[in-house]
Amino acid sequence: MADGDYDHAEILKLRDWRHDVVMPELASLRGRLTAAEAKVNELEPQVERMAKADEIADAVTEHMRSARRGLLTTGEKLGGLAVGVAAVVSVVLQLLH
């Protein structure tokens, strides 16, 4: 077999391999890619809504925590005021008797 015949035979094998193996695989991959893109396009708005809902939930939770901390501080102030008033009343009553 001459070198030219060998090269021609290799070229034919590569061409057949490309048509029989590579092209169907590429077509299959293209189909799967198209399906995956469609799925992503379908899910993307849902994911964005979920992320926005999570952000809102986090903000509400933080606001509630902040409000609770504020209430505890107000409660502590009122309690301290009550103890202070009771102490003053006690001292005044002792002075009057």
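Anyway, here's the lowdown on the structure attached to this text. (Residues numbered from 1 in each chain as written. Predicted model: local features only at pLDDT ≥ 70, side-chain atom pairs only at ≥ 80, totals over all residues. Heavy atoms only, no water.)

### Topic: the overall build of the chain
Here is step 1: When you go through the chain residue by residue, the secondary structure sums to one helix and zero strands.
Here is step 2: Against the compact-globule benchmark of 13 Å for 97 residues, the chain has a radius of gyration of 40 Å, which places it well outside the compact range.
Here is step 3: Between the averaged position of the 12 positive side-chain charges in the chain and that of its 16 negative side-chain charges there is a distance of 11 Å. (Helix = DSSP H or I, 4+ residues; strand = E, 2+ residues; numbered from the N terminus. Rg over C-alpha atoms; globule rule 2.2 N^0.38 Å. Lys, Arg positive; Asp, Glu negative; His and termini not counted. Charge placed at Lys NZ, Arg CZ, Asp CG, Glu CD.)

### Re the pattern of salt bridges
Here is step 1: The tally for this structure, following the rule as stated, stands at three salt bridges.
Here is step 2: As a salt-bridge pair, glutamate 10 and lysine 13 come within 3.7 Å of each other at their nearest N and O atoms. Residue glutamate 10 and its partner lysine 13 are both found in helix α1 (residues 3-96); the two are separated by three residues, about one turn of the helix.
Here is step 3: Notably, a salt bridge pairs aspartate 16 with arginine 15, separated by 3.4 Å at the nearest N-O pair.
Here is step 4: A relative accessible area of 35% places aspartate 16 in the partly exposed class.
Here is step 5: Taking the relative accessible area as the measure of exposure, arginine 15 reaches 42% and is therefore partly exposed. (Salt bridge = Lys/Arg side-chain N within 4 Å of Asp/Glu carboxyl O. Buried < 20%, exposed > 50% of the residue type's maximum accessible area, 1.4 Å probe, protein only.)

### Comments concerning a nonpolar patch on the surface
Here is step 1: Nonpolar side chains collect at one region of the surface, where Leu78, Leu81, Val85, Val88, Val89, Val92, Leu93 and Leu96 lie side by side and expose about 750 Å² of accessible area between them.
Here is step 2: Here valine 88 falls in the exposed class, since its relative accessible area comes to 53%. (Patch = residues over 30% accessible without salt bridge, like charges linked within 9 Å, V, L, I, M, F, W, Y side chains within 5 Å. Areas by Shrake-Rupley, 256 points an atom, 1.4 Å probe, with all protein chains shown as cover.)

### A few points about the environment of glycine 75
Here is step 1: Mapped onto the elements, glycine 75 comes out in helix α1.
Here is step 2: As for glycine 75 and alanine 53, which are separated by 22 residues in sequence, their C-alpha atoms are 32 Å apart.

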